[in-house]
Amino acid sequence: MGWVIMSERELNRVEVLAQVDDGRLSVDNAANVLDLTRRQIFRLLKRYRQDGASAVRHKARGKPPNNRIHLAKRDYALALVKENYADFGPTLAAEMLA
């Protein structure tokens, strides 16, 4: 099995889910610790038991965002700002481009 990059929050979830899976912690206490509902704890626990710790990490990690700006459009906007609004701050330049 390879490396899995996780945030502190995800690592905390894995630790709590492992305690619930071992029976050292109740679902109610886990819900309070993670500030989630019982239903969400059961859903996470099901995925944790099925796929292990990597199932808890965010699924979109490493993928480009859906709302990213096309590189050509971004380069064009930056060229316009540098050419016409070089002395403007970012907020005013955004207002002028709009």
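That block above? That's the structure.
Below is a short write-up of the structure. On a predicted model such as this, the values are computed, not experimentally measured, just so you know.

The helix and strand inventory of the protein stands at 5 helices and 0 strands. Along its sequence from the N terminus, the protein presents helices and strands in the succession α-α-α-α-α. For 98 residues, the compact-globule estimate of 2.2 N^0.38 gives 13 Å, and the protein exceeds it by more than 25% at 22 Å. In the protein, of all internal contacts separated by at least 6 residues, the share reaching a separation of at least 24 is 44%.

Okay, the side chain of Arg 13 next. Structurally, Arg 13 is set in helix H1 (residues 8–22). The buried charged residue Arg 13 lacks any salt bridge partner; its closest oppositely charged side chain belongs to Glu 10, at an N-O distance of 7.0 Å. When neighbours within four sequence positions are excluded, Arg 13 is seen to be in contact with Leu 34, Leu 36, Leu 44 and Val 56.

On the surface, Arg 39, Arg 43, Arg 47 and Lys 59 cluster together into a positively charged patch. Of note, Arg 47 is situated in helix H3 (residues 38–51). Taking the relative accessible area as the measure of exposure, Arg 47 reaches 33% and is therefore partly exposed.

A few words now on the packing of helix H2 (residues 27–34) against H3. Two packed helices can be described by the angle between their axes and the distance between those axes. Where H2 meets H3, the closest approach of the two axes is 9 Å, and the angle between their N-to-C directions is 100°. One element, H2, and the other, H3, form an angle in the roughly perpendicular class. Between H2 and H3, the residues in contact are Val 27, Asp 28, Ala 30, Ala 31 and Leu 34 and Arg 38, Ile 41 and Phe 42, respectively. When the residues that make up the contact of H2 with H3 are grouped by side-chain class, the tally is 6 nonpolar, no polar and 2 charged.

Attention now moves to unusual backbone geometry. Positive phi, close to 60°, is recorded for Asp 35, a residue that is not glycine. Summarising the element assignment, Asp 35 is placed in the loop between H2 and H3.

Across soluble globular proteins, you tend to see nonpolar side chains buried next to one another. With 16 residues, the main nonpolar core has Leu 17, Val 20, Ala 30, Ile 41, Tyr 48 and Val 56 as its most contacted residues. Elements with a minimum of two residues in this core: H1, H2 and H3. Examining the composition of this core, we find that 5 residues originate from one element, H1, more than from any other.

Another aspect to go through is the pattern of salt bridges. In this structure the tally under the stated criterion is 5 salt bridges. Put simply, Asp 22 and Arg 24 hold a salt bridge, and the shortest N to O gap is 3.1 Å. The residue Arg 74 makes a salt bridge to Asp 75 at a minimum N-O spacing of 3.9 Å.

Taken N-terminus to C-terminus, the directions of H1 and H3 make an angle of 85°; their axes are 10 Å apart at the nearest point. What the angle tells us is that H1 and H3 run roughly perpendicular. Contacts from Arg 13, Val 14, Leu 17, Ala 18, Val 20 and Asp 21 of H1 reach H3 at Ile 41, Leu 44, Leu 45, Tyr 48 and Arg 49. Looking at the contact of H1 with H3 residue by residue, the classes come out as 8 nonpolar, no polar and 3 charged.

Criteria and thresholds
- Residues numbered from 1 in each chain as written.
- Predicted model: local features only at pLDDT ≥ 70, side-chain atom pairs only at ≥ 80, totals over all residues.
- Heavy atoms only, no water.
- Helix = DSSP H or I, 4+ residues; strand = E, 2+ residues; numbered from the N terminus.
- Rg over C-alpha atoms; globule rule 2.2 N^0.38 Å.
- Contact = heavy atoms within 4.5 Å.
- Buried < 20%, exposed > 50% of the residue type's maximum accessible area, 1.4 Å probe, protein only.
- Lys, Arg positive; Asp, Glu negative; His and termini not counted.
- Salt bridge = Lys/Arg side-chain N within 4 Å of Asp/Glu carboxyl O.
- Patch = residues over 30% accessible without salt bridge, like charges linked within 9 Å, V, L, I, M, F, W, Y side chains within 5 Å.
- Areas by Shrake-Rupley, 256 points an atom, 1.4 Å probe, with all protein chains shown as cover.
- Charge placed at Lys NZ, Arg CZ, Asp CG, Glu CD.
- Axes fitted to C-alpha atoms, helices over the stretch in contact; angles between N-to-C directions.
- Parallel < 35°, antiparallel > 145°, perpendicular 65-115°, else oblique.
- Nonpolar A, V, L, I, M, F, W, Y, C, P; charged D, E, K, R; others polar.
- Core = buried A, V, L, I, M, F, W, Y, C linked by side-chain atoms within 4.5 Å.

Read these as layout, nothing more, since geometry by itself doesn't imply function.
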